[in-house]
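Secondary and tertiary structure notes
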Amino acid sequence: MSIFTDPKLGLIPGPFHKKLEEQNRAQNWYDWAGYAAPGVLDSVEFEYFALRNQASLFDISPMHKYRLTGPDTTAMLNRLVTRDVRKISVGRVGYAVWCDEEGMVIDDGTLFHLGDNDWRLCCQEQMLTWLLDAAWGFDVSVVDETHSVAGLSLQGPTSYAVLEAAGLDVSKLKPFDLAQIDHSLMISRTGFTGDLGYELWCDWDKAEALWDRIWKGGEHQGLRAIGYEAVNLARIEAGFLTAGVDFQPVHATERLHRGQTPFELGLGRLVDFNKGHFNGRRELLSKRESPRSLLLRFDVEGFKPSEGSLIYNRRKKEVGHITSGIWSPTAKRNIALAHVRMPDAGRSSGLKAEIYTLQEGKWRTRMARLTPVTKAFFAPPRARATPPART
């Protein structure tokens, strides 16, 4: 497989680029890890409602993918990530984070347990050098599969029906299960939308054939190709974090103390101190009771999106900022993810966001009350049903 750069885009076309270009009426491309990825293909409204009411296809091939094999792979991964990977059975997928020696999150990702001492790690940041360093002293092989494995995210309430129509039986897959369909196709019941959905992984040179098969299966299910902007709306509704937006991967920061611990990101459940030593364990033990800030979910008063707004305690003191904020079309709520400094995050009453809006050429501000939310803003039962409904 040869990788080439499209001179018009200055970016690498992915394995589904031809299919996406045929539908990209908006010609809205952005740089995702050097690949040309669609921000919007038609309109974000059409794409979002297809995702929530029908089915959608989103190209996730630019994600970094690493295959880890060898006798010490499970031990090496347990040394790397904060959770106990021994609890992730073969045929399952687990969400994980890993930290530097100061307990600051380097990145998050998904671990696919493909077989005995056979794993695949998918993540946002480039991790090959870090993984090779982490594998030193272990009998582990690390292979970068980013440019050899293509990925499609099929999400939405009719996604199961689409796969069924395409001749793919996934009726027994529970959330976070995976199945090897044949030597070149794997399907996992995973996604970044909080909805019923699947991720399909295939050999790079089989990508277009897979697209055609799924597209034909979705002829009567309202299947639509979508871009990142629609996915971003859905992931905020699900309360999921995005690297570089809701947290800064510590290796990408340019200033000291800009990283965050898993406890500060609300990911303390992924830290297992009982499994033995792992990277950052000593620092995390000392920091778990004294977070500098917390990443919280809020309902925001009114309907004006609050992304980027500063947060004040009773209008007197600036105590944080909103990283992601939207009006949720499905939940019918103004929602946000925000970093709030301690101790204000511990009481979280009296917090307001300073929202700027442009009205008829003039900027106006309003203070919107913030109400803490503990669960996902949108979590439909269909996302967990097994077998899933067809509609």
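Summarised in this report is the structure supplied together with it. Please read these numbers as outputs of a predicted model, since none were measured by experiment.

1. Regarding the sheet that holds strand 13 (residues 223-225)
Read from one edge of the open sheet, six strands run 10-11-12-9-3-13, paired in mixed fashion. If you trace the sheet from one side to the other, it starts and ends with strand 10 (178-182) and strand 13, each paired once. Taking the axes of each pair of neighbouring strands and ignoring which way they run, one obtains an average angle of 20° across the sheet. Examined bridge by bridge, strand 3 (residues 55-59) and strand 9 (residues 149-155) share four bridges and lie antiparallel to one another.

2. Brief notes about the sheet that holds strand 5 (residues 93-99)
The five strands are arranged 5-6-7-4-8 in an open sheet whose pairing can be described as antiparallel. Strands with a single pairing partner mark the edges of an open sheet, and in this sheet they are strand 5 and strand 8 (141-144). For this sheet, the mean angle separating the axes of adjacent strands, direction not counted, is 30°. Bridging between strand 4 (residues 64-69) and strand 8 involves four bridges; their strand directions are antiparallel. Looking at the pairing, Arg67 lines up with Val143 of strand 8. Taken strand by strand, helix 3 (residues 73-80) contacts strand 4, strand 5, strand 6 (105-115) and strand 7 (118-123), and its axis lies near 130° from that of strand 4.

3. Quick word on the pairing of strand 1 (residues 28-32)
Here strand 1 runs beside strand 2 (residues 35-40); their pairing, made up of five bridges, is antiparallel. If you follow Trp29 over to strand 2, its bridge partner there is Pro38. The hairpin turn running from strand 1 into strand 2, its antiparallel successor, is two residues long, and Ala33 in that turn takes a positive phi close to 55°.

4. Focus: the packing of aromatic side chains
By the definition in use, this model includes 10 aromatic pairs. With 6.0 Å between their ring centres and 15° between their planes, Trp32 and Phe58 make a pair best called stacked. Residue Trp32 is located in strand 1, and its partner Phe58 is located in strand 3; the two are separated by 26 residues in the primary sequence. Side by side, Trp32 and Phe58 carry an identical accessibility label, which is buried. Judged by centre distance (5.1 Å) and plane angle (80°), the rings of Tyr48 and Phe49 are edge-to-face. Overall, the relative accessible area of 36% leaves Phe49 in the partly exposed class.

5. A few points about the pattern of salt bridges
It is possible for side chains bearing opposite charge to pair when their charged atoms get close. Under the defined criterion, the tally for this structure stands at 22 salt bridges. With a shortest N-O distance of 3.6 Å, Lys287 and Glu283 are connected by a salt bridge. Pair noted here: Lys287 and Glu283 are both in helix 8 (residues 281-287), with a separation of four residues, about one helical turn. We classify Glu283 as partly exposed; its relative accessible area is 29%. Between Glu318 and Arg341 there is a salt bridge, with the nearest N and O atoms lying 3.5 Å from each other. Residue Glu318 is located in strand 16 (residues 317-328), and its partner Arg341 is located in strand 17 (residues 333-341); the two are separated by 23 residues in the primary sequence. The network of salt bridges with common partners includes Arg52, Asp195, Glu237 and Arg382.

6. Some details on the packing of helix 2 (residues 44-53) against helix 7 (residues 228-238)
Interhelical geometry of helix 2 versus helix 7 gives an angle of 50° and a closest axis separation of 8 Å. When the interaxial angle is binned, helix 2 and helix 7 end up oblique. Crossing of helix 2 against helix 7: the hand is right-handed. From helix 2, Val44, Glu47, Tyr48, Leu51 and Arg52 reach across to helix 7, where they touch Glu229, Ala230, Val231, Leu233, Ala234 and Glu237.

7. Here's the deal with the side chain of Gln155
Tracing the backbone shows Gln155 in strand 9. A distance of 3.2 Å separates a polar atom in the side chain of Gln155 from a polar atom in the side chain of Ser153. Separated by 3.3 Å, the side chain of Gln155 and the backbone oxygen of Tyr198 make a polar contact. Residues contacting Gln155, with those up to four places away along its chain left out, are Leu51, Gln54, Ala55, Ser56, Thr190, Gly191, Phe192, Thr193, Asp195, Leu196, Gly197 and Tyr198.

What counts and what doesn't
Residues numbered from 1 in each chain as written. Predicted model: local features only at pLDDT ≥ 70, side-chain atom pairs only at ≥ 80, totals over all residues. Heavy atoms only, no water. Pairing = 2+ DSSP bridges. Helix = DSSP H or I, 4+ residues; strand = E, 2+ residues; numbered from the N terminus. Axes fitted to C-alpha atoms, helices over the stretch in contact; angles between N-to-C directions. Contact = heavy atoms within 4.5 Å. Phe/Tyr/Trp six-rings, centres within 6.5 Å; stacked < 30°, edge-to-face > 60°. Buried < 20%, exposed > 50% of the residue type's maximum accessible area, 1.4 Å probe, protein only. Salt bridge = Lys/Arg side-chain N within 4 Å of Asp/Glu carboxyl O. Parallel < 35°, antiparallel > 145°, perpendicular 65-115°, else oblique. Left-handed = near helix turned anticlockwise from the far one by under 90°. Polar contact = N/O pair within 3.5 Å; in protein donor to acceptor, adjacent residues only side chain to side chain.

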